[in-house]
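Secondary and tertiary structure notes
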Amino acid sequence: MPDEWMVRVEGDEYGPVDAEALREWKAEGRLIPSNEVRRIGQEGWVSARTIENLFDEVPHEQPQGGFGATRVRSWREIGAETWQIYRHGFGRFLLFAILSAVPMFVLQFTMPTLPMPDVSGGGTPTVAWPVVPPICAVALLVFLAVWPISTAGFQFVADDIVHGRQRSFGNQFRAAVARWGSVMGAAFVVYASYFFWFFIPFAALIGLASSGQLSILSVFLFLLISIFMVYMNARLFINFLFWQPAATLRPHGTLSALRESKELARCAPESPKLDRPLYRGAIVASVWLLVVLVLAIGIQVPFMIARFLGAGSAEDAIALAHTLAEAKTADTLTILADIASTVLNLLLQPILAAAFIVLYYDARARAGKSEDEINAD
């Protein structure tokens, strides 16, 4: 009977697993030499580096250099490390980004538009729901299947650069595939929570607005529900700040990853505001989003100008806009504009992933995690 082992990380035990599984965990970065292991049938715990032929068989995959995960970072260091991660990992970031961008691009051009309600006959407005073509359904399923791999791949590429690991793209891809369930489970909880705390209050706001009864009470309720919606989504953003690296890099379940994300986001409350993880994460995400919006608008403007150059009057422009909105297929300028927007997203998305890996380790250092605990990720 082959040897089987238990692995202990931060007090949590995993296993039993055989030597082949240990090698896979090591290749994925989930098992490092300082982790504690115990052979089934024995009582004492030893470090994983003592297992024969485990950490000496692929020496080029061991950490060489890196930024050091245990350090707290200044804003300048966060920017510098983010740029270095982006520059060194750009090719692999791009491959993982294309993995999910292709089905999303297909979905974008095959998803039928929802027509406006028909009110010409009076009475209750009706909506003729469009038929979803099979290619659209296939593209959606493919996107849902590969998006967790793409997301996990971003984390592994950035994490390997932080630790100085020299892993092949194949190993990173296999590691991302292995984390599919963890990332998908965490994503389901995260986005379902956002949907719930946005949709329920928003539906209540629509109900109040459509009631047609304007009063002090209705205005007060409208404002109260709006404030509550903003408050709940802000809390969710803070609690889920580090959910992607936590769900990808740590060998524990979905709820544990989300709990760690919440704890890290809210740690170091005694530090100056600009040094606290939640403020740093909010600032980085906001700046990134602002840059993306500005550049996206800048990309779309030339195409819009080219499209409306032939409109001789405001009525012609309105008629052209109406025609474009009802078009069954996209014209050439629309396709080119969407391609440019997709390329922009491919170029900028890795920057956010790289920045949040740096912020993740900065938050762990500020939370007082030991070097072994941080490297265990």
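Below, the structure is looked at part by part. Because the structure is a prediction, the values reported are computed rather than measured. (Residues numbered from 1 in each chain as written. Predicted model: local features only at pLDDT ≥ 70, side-chain atom pairs only at ≥ 80, totals over all residues. Heavy atoms only, no water.)

Topic: a nonpolar patch on the surface
Taken together, the side chains of Trp-75, Leu-274, Tyr-279, Ile-283, Val-287, Val-291 and Leu-295 make up a nonpolar region of the molecular surface, amounting to roughly 560 Å² of accessible area. Broken down by element, the nonpolar patch gets its largest block of residues, 5 residues, from helix 10 (residues 277–308). Inspection of the secondary structure assignment puts Leu-295 in helix 10. (Patch = residues over 30% accessible without salt bridge, like charges linked within 9 Å, V, L, I, M, F, W, Y side chains within 5 Å. Areas by Shrake-Rupley, 256 points an atom, 1.4 Å probe, with all protein chains shown as cover. Salt bridge = Lys/Arg side-chain N within 4 Å of Asp/Glu carboxyl O. Helix = DSSP H or I, 4+ residues; strand = E, 2+ residues; numbered from the N terminus.)

A look at the nonpolar core
Within the largest apolar cluster, 47 residues are counted, with the highest numbers of intra-cluster contacts made by Ile-85, Phe-242, Trp-243, Phe-356 and Tyr-360. With 14 residues, the next largest nonpolar core counts Trp-5, Val-17, Ala-21 and Val-37 among its residues. (Core = buried A, V, L, I, M, F, W, Y, C linked by side-chain atoms within 4.5 Å. Buried < 20%, exposed > 50% of the residue type's maximum accessible area, 1.4 Å probe, protein only.)

Remarks on the pattern of salt bridges
Side-chain pairs of opposite charge can arise where the charged atoms are in close proximity. In this structure the tally under the stated criterion is 10 salt bridges. One salt bridge connects Asp-160 with Arg-167, and the closest N-O pair in it is separated by 2.8 Å. With respect to burial, Asp-160 and Arg-167 carry one shared label: buried. Residue Arg-364 pairs with Glu-260 through a salt bridge whose shortest N-O separation is 3.4 Å. In this pair, Arg-364 sits in helix 12 (residues 332–366) while Glu-260 sits in helix 9 (residues 254–265), placing the two residues 104 residues apart along the sequence.

Some details on the sheet that holds strand 3 (residues 36–39)
Across the sheet, which stays open at both edges, the 4 strands sit in the order 2-1-3-4 with antiparallel pairing between neighbours. Among the strands making up the open sheet, the edge pair consists of strand 2 (12–18) and strand 4 (46–47). With 5 bridges joining them, strand 1 (residues 4–9) and strand 2 adopt antiparallel strand pairing. Within strand 2, the position partnered with Trp-5 by the bridge is Val-17. (Pairing = 2+ DSSP bridges.)

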